[in-house]
Amino acid sequence: MPKAEDMSADELALHKIEKSFGGVKALKGVSFFCRKGEVHCLLGENGAGKSTLMRILAGVMRPDAGRITIGGREVELTSPRAAQDLGIAMVYQDTRLVPDLDVAQNVWLGHEPGGVLVDRNQMERATQEILTRLDAVIPLARKVSDLSVAERQIVEIARALTRDPSILILDEPTSALDMAEIDRLFAIVRGLKDQGKTIIFISHRLPEIFAIADRITVLKDGEAVGTVERSQTDAAQLVRMMVGREMTVAYPPRAAKTGPVRLEARQLTSPGRFHEASFTLSAGEIVGFGGIQGNGQADIVRAIFGLSPLSGELRLDGEKVELTSPREAIAKGVVYIPGDRHREGLFMPHSIRENLSLPHLKSLVTAGFISASKENRLARDAIARYAVKTPSAEAGVATLSGGNQQKVVLGRWTAGTPRVYIFEDPTRGVDVATKLDIYRQIRGLAEEGAAVILVASDLMELIGLSDRILIFSQGRIVDEVAGAEATEERIVGSATGAAHVGGVLTSHGAGVARASTASRPERPLFDRYASSFALALLTVLLAVVTAFVSPYFLTSANAVNLANQITPLALVALGQLAVILLGGIDLSVGPLISLITAVVSFVAIQDSGLAVAEAIALSLMAGLAVGLFNAILILWLRIPDLIATLASYSIVFGLALTLRPSPGGMVSDSYLDFFEAHLGPVPVAALLVLVLAIIFEILLLRGRLGQRLYGTGSSPEAARVAGLATGLIRLGAYSFCAVMSALAGLLIAARIGSGDPQAGMAFTLTSITAVVVGGASVFGGRGTAVGTLLGAIVVGLMQNALNLMQVTAYYQYIWAGALTLIAVASHALQRSPHKK
Amino acid sequence: MAQLLARISPIWFAVILFYVLAGIVSPAMLSTGQALNVLQVAALLGLVATGQVIALLVGGIDLSVGGVVTLTNIVATSIMLGQDSSIPLAIAVCLLLGILVGALNGFMVAVLKVAPLITTLAMNSILFGAALVYTGGATRGTAAPAFKIIGQGAVLGIPLSAVAWLAVAIAVAVILRRTIFGRWIYAVGANSEAAALMGVPVKRTLIGAYVMCSVMAVLGGLLITSYIGNPSLGIGEQFLLNSVAAVVVGGAALTGGVGSAVATIGGALFMTVLVSFTNIARVSTGTQYIVQGALIILSVMVYRALAEKRRIT
């Protein structure tokens, strides 16, 4: 075949793509070609490299080596944005949506219609159009956090379609859909194909692939095994290709005989997860829990281990037990080795020794202290038994390869004598040689008399290692098969309820019916402003009470005084809000205000407009400089924002002290006049801040800016995937915060009439207080400018009220702190029942 | 040999190098008197930092140590009123206070899952306010004569305060490295989810860590009181930032699970030598703060670079 022709036929070509993660090669030079207007299935087991390959294509990861061409032209996919601009859109398996934004906002995140303000009507219309095309009914104003998994999947597909992509990647889009939903999805895919779009469809379910694919490429252990036409292949061939060398993996021999029953489960139930599951586990036996991922098999073992509640009866060696925490489970001899070793299995900064000994510390103690010799012996034994390749037990686990890290996770339980082992995907992301080691070890544990549960998403592993396999579907055990007789078809068939017809499974979806979301009316504005409304009531109440106690409160002199007190705080708090919305914090605001008063006290001393202008310009520049400095520390040097702004706190305070070691200087009258100008009885500065807060609120509610801030703060990963420049957004927020603080500093300088290195220190806490009292979450993604303004008003009002009530000013430190604690604690209490 | 060197925290090289450099610039630094003086003063910061490192080890931070030191100073002097007989009561009340503050911090962080920064920043404000309200702005009382011995006395020429500090710091180091509770602290800080799966009582560990941190701050406050002999409103504020700086310079990471009480001794020494040197060199307070901030940034970067290098080799 002539090469030139080959190139022109391929809309998309990936040449020899390589990618490694910490020493493990996930892609070993994969080449992959797609024609225009075809549905190309990418098939392979978990860990074959499908998702990694597609993430490279979506611009989320950069390949270590290899070339990519689209329409014959070589391209660089440097970011999700770059990929999107080239017409590539990806639908992620574990959806990448922003939970705190609603459906329409998520669909259009990153390229909303409209200008500075989002054209909400246009956006809803366009979203509705796409959803109608997808034959889906989802309320546009519903927050994504309130959607079911299937609905999220649809939203994600809708989002991909907004960019009218020429290449659409669907990463296991059916895993959470029921049959009807899958049929609908397939109709959509066919429709897109008819429009000439190239669709890459990732799956490891053969029936689906035969229903939808034109061509199929099989990936295996990071290599492309081959590409076949659907019409020229059958399930048997594909399985052979998928399994390939796996067939040659020598699984250890199965148990010849099993001992007495170790674990007996009767009618285990956890509503919505698993139902009436009963089974027994004998000594020496490995029992596999199989089925499509997410059908209760993982939930049930976690519940047995005490991680979530369950009803039913559990007997261990005949004795009835109730395991309500991992601690109790371990004490009773039940251990669980989670599949996600980085998240749940390893202490990355620590040595192999410390990782191994943690659950056994009690047995290592003599006279209250951990015996070094006992601990070293334990570590040596585990390292030897699992043949962990390391120079010493003191090496950090972070320095090990993936396979050796997994051996540490398994080896941890060598000591002690567990009765029941629960393994979840014990060989995820490890090389073949290590896999064999691990299989032998697990069999060895069974031979020593333990009972083993194996939850594996890799079917070959499940079949190869298990003595018996229980198959789960929709939270129930639907089938049981002896390991020696199990086949992939039997397991998938039972799990999906599909009939076995002529070697090819009929196209049935593996539906996990998820409870659809409650259909309550959407009240986004109510949800957004309910807490602000309560706060406003509180403010009024506070004002009324104060007015009763002190008649002076209602005088205009006090009102002006109050406005002057609140204005600078509101400014800083609005700046702080921008940072906190992104999940960050800026501690340097206090010293920055002090620094600005010091600067002003040197510049604005002559009675001239020029000097005032100079003072303002210099202050704003100083503010911007501090903001950029913070951003550089956080974004470039990757220093956590807390420590970064703590460092700049010190530096800026130092600068303020250098300029003005003690309070002094006198600002000019023209400066005072400028900043204390009144419009009628109302201070101009207060008016301007009010306007600023309203503009900020409108931008947050309806502007693109708001979507960017909420999106990035609520889910940085989702925002990045949507093509947002998250770094730039953070830089903007820190700069804005610093400039707002500088403005507040100008006002403070006018109020005290001089420079004072301590003048602003209290603002670091009070600005945070105003923001959290105003209802913002310090974890990012939630908060309003209106709430923040009200928060600032409450803080200012309380200060004023207590002054008028003749309470000593010393109390302000106490109530400022107490108010903050109460606000964050009440958020925490509100949050907990929802998220559990 | 190289391996042994790699296991010694870089802070010790920094301390020695910096001390020698300071000595070259101003030979007064090298006198025995000055060295002992550095040790005596370092003890004050050192005790507070020994607590701070525990907060950082569990992945948190404790900005309320400043308020705890201030309140300890105020309460201890007001109870003692210069009477030796009141020393036990003063110490008991202050310790109780520390336990209470730590338990409250820990409860907020562990049970209510409030960010440690916000919790402890608010707590710091409350404690400082409490000290102000308690005194009404005018301090009274003084440390008892016998109580001053520990802060001002010496045994065989070595300042007692340094002896007390090193004893406590080493005891904490042993607790952290060689007891179950200490290992729990490291584990929870490095990966609290994994720790929970291994049967570690995460909440109890967090609360315990914050209590330990506050108690260390109380001990620091008592030593400071003994050293200065008088109440001084706001004396604790200078230890707030300094204690974080000492811990970070000593190699603890804000991400949790990384750091050591022994290296924190080095961190406290380094910060004290720095202040002492800048005082002798007549550098302004302002510059001291600037240098301190820059040092925090520098040490975060140096320790990270070292950790990454170790990962590659």
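The structure displayed is predicted, hence computed values, not measured ones.

Draft legend 1. Geometry of the overall build of chain A. A tally of regular secondary structure across chain A gives 32 helices and 26 strands. Relative to the 2.2 N^0.38 estimate, which gives 28 Å for 836 residues, the radius of gyration of chain A is 32 Å and therefore close to what a compact globule would have. With respect to the principal axes defined by its C-alpha atoms, chain A has extents near 95 × 75 × 50 Å. Per-residue burial for chain A yields a buried fraction of 57% across its 836 residues. Here the contacts in chain A between residues at least 6 apart in sequence split such that 71% fall between residues at least 24 apart. Across chain A, the mean location of the 77 positive side-chain charges is 3 Å away from that of the 77 negative side-chain charges.

Draft legend 2. Molecular detail of the nonpolar core. Residues and elements named next belong to chain A. Counting 287 residues, the largest nonpolar core has Phe279, Phe289, Ile300 and Tyr671 as its most contacted members. Not counting residues up to four positions away in its chain, the partners in contact with Tyr671 are Val600, Ala604, Val612, Ala615, Leu746, Ala749 and Ala750. Leu177, Leu185, Ile199 and Ile209 belong to the second-largest nonpolar core, a separate cluster that totals 52 residues.

Draft legend 3. The packing of aromatic side chains, seen in detail. Residues and elements named next belong to chain A. All chains considered together, the criterion is met by 13 aromatic pairs over all chains. Note on Phe289 and Phe472: the rings are 5.1 Å apart at their centroids and 40 degrees apart in plane angle, and the pair reads as tilted. Here Phe472 lies in strand E21 (residues 468-473) and Phe289 lies in strand E13 (residues 286-290), a separation of 183 residues in the sequence. The residues Phe289 and Phe472 share a single accessibility class, namely buried. Taken together, the aromatic side chains of Phe279, Phe289 and Phe472 make up a single cluster linked through ring pairs.

Draft legend 4. Spatial organisation of the packing of helix H3 (residues 32-57) of chain B against helix H8 (residues 160-178) of chain B. Residues and elements named next belong to chain B. At a closest axis distance of 8 Å, the pairing of H3 and H8 adopts a crossing angle of 20 degrees. Viewed along their axes, H3 and H8 adopt a mutual orientation that is roughly parallel. Considering how the two elements wind past one another, H3 and H8 form a crossing that is left-handed. Across the interface between the two elements, Leu39, Gln40, Ala42, Ala43, Gly46, Leu47, Thr50, Ile54 and Leu57 from H3 touch Ser161, Ala162, Trp165, Val168, Ala169, Val172 and Leu176 from H8. Residues that form the contact of H3 with H8 fall into these classes: twelve nonpolar, four polar and no charged.

Draft legend 5. Geometry of the sheet that holds strand E14 (residues 311-316) of chain A. Residue and element names in this part refer to chain A. Reading across the sheet, the four strands line up as E12-E11-E14-E15 and stay open at both edges, with antiparallel pairing between neighbours. Sheet topology places strand E12 (274-282) and strand E15 (319-321) at the edges, where each strand pairs with a single neighbour. Here the strands of the sheet are splayed against their neighbours by 20 degrees on average, with no regard to which way each runs. In the sheet, E14 pairs with E15 via three bridges, with the strands oriented antiparallel. Residue pairing in the sheet places Leu314 in a bridge with Val321 of E15. The sheet contacts of helix H10 (residues 297-304) involve strand E11 (261-270), E12 and E14, and relative to E12 the element is tilted by about 70 degrees.

Draft legend 6. Focus on the domain arrangement of chain A. With domains assigned, chain A is organised as domain 1 (3-248), domain 2 (256-333 + 418-514), domain 3 (344-416) and domain 4 (570-764). Look at where the C-alpha atoms of domain 1 of chain A and domain 2 of chain A centre, and you get two points 31 Å apart.

Draft legend 7. Region of interest: the interface of chain B and chain A. Counting from both sides, the interface comprises 65 residues of chain B and, opposite them, 73 residues of chain A. Together, B:Arg178, B:Leu197 and B:Met198 form the three largest contributors to the area buried by chain B at its contact with chain A, with a combined 14%. At the junction of chain B and chain A, the tally comes to four salt bridges. The greatest single-element share of the side of chain B that touches chain A, amounting to 16 residues, is contributed by helix H14 (residues 285-312) of chain B.

Draft legend 8. Region of the structure containing helix H31 (residues 785-804) of chain A. Residues and elements named next belong to chain A. Spanning 20 residues, H31 covers 28 Å between terminal C-alpha atoms, matching the ideal 28 Å at 1.5 Å per step. Counting buried residues in H31 gives 14 out of 20 residues, a clear majority hidden from the surface. N-cap assignment for H31: the residue whose side-chain oxygen lies 2.9 Å from the backbone N of Gly787 is Thr784. At the exit of H31 stands Gln806, carrying a positive phi of roughly 65 degrees.

Draft legend 9. Highlighting the state of the cysteines. Summed over the entire model, instances satisfying the criterion amount to zero disulfides over all chains. Here A:Cys41 stays unpaired: no disulfide links it, and the sulfur of A:Cys34, its closest cysteine neighbor, is 10 Å away.

Draft legend 10. Region of interest: the pattern of salt bridges. By the definition in use, this model includes 38 salt bridges over all chains. As a salt-bridge pair, A:Asp64 and A:Lys19 come within 4.0 Å of each other at their nearest N and O atoms. Highlighted residues: A:Asp64 in the loop between helix H2 (50-57) and strand E4 (65-70) and A:Lys19 in strand E1 (residues 10-21), separated in sequence by 45 residues. For A:Lys19, a relative accessible area of 13% translates into the label buried. In this structure, A:Arg385 and A:Glu448 form a salt bridge, with 3.2 Å as the shortest nitrogen-oxygen distance. Here A:Arg385, found in helix H15 (residues 372-386), pairs with A:Glu448, found in the loop between helix H17 (432-447) and strand E20 (451-455); they are 63 residues apart in sequence, far enough to count as distant. Look at A:Glu448 and you get exposed, because its relative accessible area is 58%. Through salt bridges with shared partners, one network takes in A:Arg302, A:Asp340, A:Arg343, A:Glu344 and B:Glu193.

Draft legend 11. Fine view of the packing of helix H22 (residues 589-603) of chain A against helix H23 (residues 609-636) of chain A. Residues and elements named next belong to chain A. Contact geometry of H22 with H23 gives a least axis separation of 9 Å together with a crossing angle of 150 degrees. Classed by the angle they form, the pair H22 and H23 counts as roughly antiparallel. Viewed along their axes, H22 and H23 form a crossing whose handedness is right-handed. Contacts between H22 and H23 pair Leu592, Ile596, Val599, Val600 and Val603 from the former with Ala611, Glu614, Ala615, Leu618, Ser619, Ala622, Gly623 and Val626 from the latter. When the residues that make up the contact of H22 with H23 are grouped by side-chain class, the tally is ten nonpolar, two polar and one charged.

Draft legend 12. Molecular detail of helix H24 (residues 641-659) of chain A. Look at H24(A): 26 Å from first C-alpha to last across 19 residues, which is about the 27 Å you get at 1.5 Å a residue. Of all 19 residues in H24(A), 16 are buried; the element is thus mostly enclosed.

Draft legend 13. Geometry of the pairing of strand E16 (residues 334-337) of chain A. Residue and element names in this part refer to chain A. Residues of E16 alternate between two faces, with Val334 and Tyr336 on one and Val335 and Ile337 on the opposite face, all of them buried. Relative to strand E19 (residues 420-424), E16 runs parallel, the two being bridged by four bridges. Paired with Tyr336 across the two strands is Ile422, which belongs to E19.

Draft legend 14. Main features of the sheet that holds E19(A). Residues and elements named next belong to chain A. Strand order in this open sheet of six strands is E16-E19-E20-E13-E21-E22, and the pairing throughout is mixed. Across the chains shown, the open sheet's two edge strands, defined by having one partner strand only, are E16 and strand E22 (476-482). The mean inter-strand angle of the sheet, taken between neighbouring strand axes irrespective of direction, is 20 degrees.

Draft legend 15. Looking closely at unusual backbone geometry. Residue and element names in this part refer to chain A. One non-glycine residue, Asp164, lies in positive phi territory at about 45 degrees. Looking at Asp164, the relative accessible area reads 54%, which means it is exposed. Phi at Gln267 takes a positive value of approximately 55 degrees, unusual for a residue other than glycine. Positionally, Gln267 belongs in strand E11.

Draft legend 16. Representation of the side chain of A:Gln707 in the model. Residue and element names in this part refer to chain A. On the secondary structure map, Gln707 appears in helix H27 (residues 704-714). Note on Gln707: relative accessible area 4%, which makes it buried. If we skip the residues at most four places from it in the chain, Gln707 touches Leu101, Gln105, Leu109, Glu112, Val118 and Met123.

Parameters at a glance
- Residues numbered from 1 in each chain as written.
- Chains lettered and ligands numbered in written order.
- Predicted model: local features only at pLDDT ≥ 70, side-chain atom pairs only at ≥ 80, totals over all residues.
- Heavy atoms only, no water.
- Helix = DSSP H or I, 4+ residues; strand = E, 2+ residues; numbered from the N terminus.
- Rg over C-alpha atoms; globule rule 2.2 N^0.38 Å.
- Buried < 20%, exposed > 50% of the residue type's maximum accessible area, 1.4 Å probe, protein only.
- Contact = heavy atoms within 4.5 Å.
- Lys, Arg positive; Asp, Glu negative; His and termini not counted.
- Charge placed at Lys NZ, Arg CZ, Asp CG, Glu CD.
- Core = buried A, V, L, I, M, F, W, Y, C linked by side-chain atoms within 4.5 Å.
- Phe/Tyr/Trp six-rings, centres within 6.5 Å; stacked < 30°, edge-to-face > 60°.
- Axes fitted to C-alpha atoms, helices over the stretch in contact; angles between N-to-C directions.
- Parallel < 35°, antiparallel > 145°, perpendicular 65-115°, else oblique.
- Left-handed = near helix turned anticlockwise from the far one by under 90°.
- Nonpolar A, V, L, I, M, F, W, Y, C, P; charged D, E, K, R; others polar.
- Pairing = 2+ DSSP bridges.
- Domains from an automatic or database assignment.
- Buried area = accessible area lost by both parts, 1.4 Å probe.
- Salt bridge = Lys/Arg side-chain N within 4 Å of Asp/Glu carboxyl O.
- Expected span 1.5 Å × (residues − 1).
- Polar contact = N/O pair within 3.5 Å; in protein donor to acceptor, adjacent residues only side chain to side chain.
- Disulfide = S-S within 2.5 Å.

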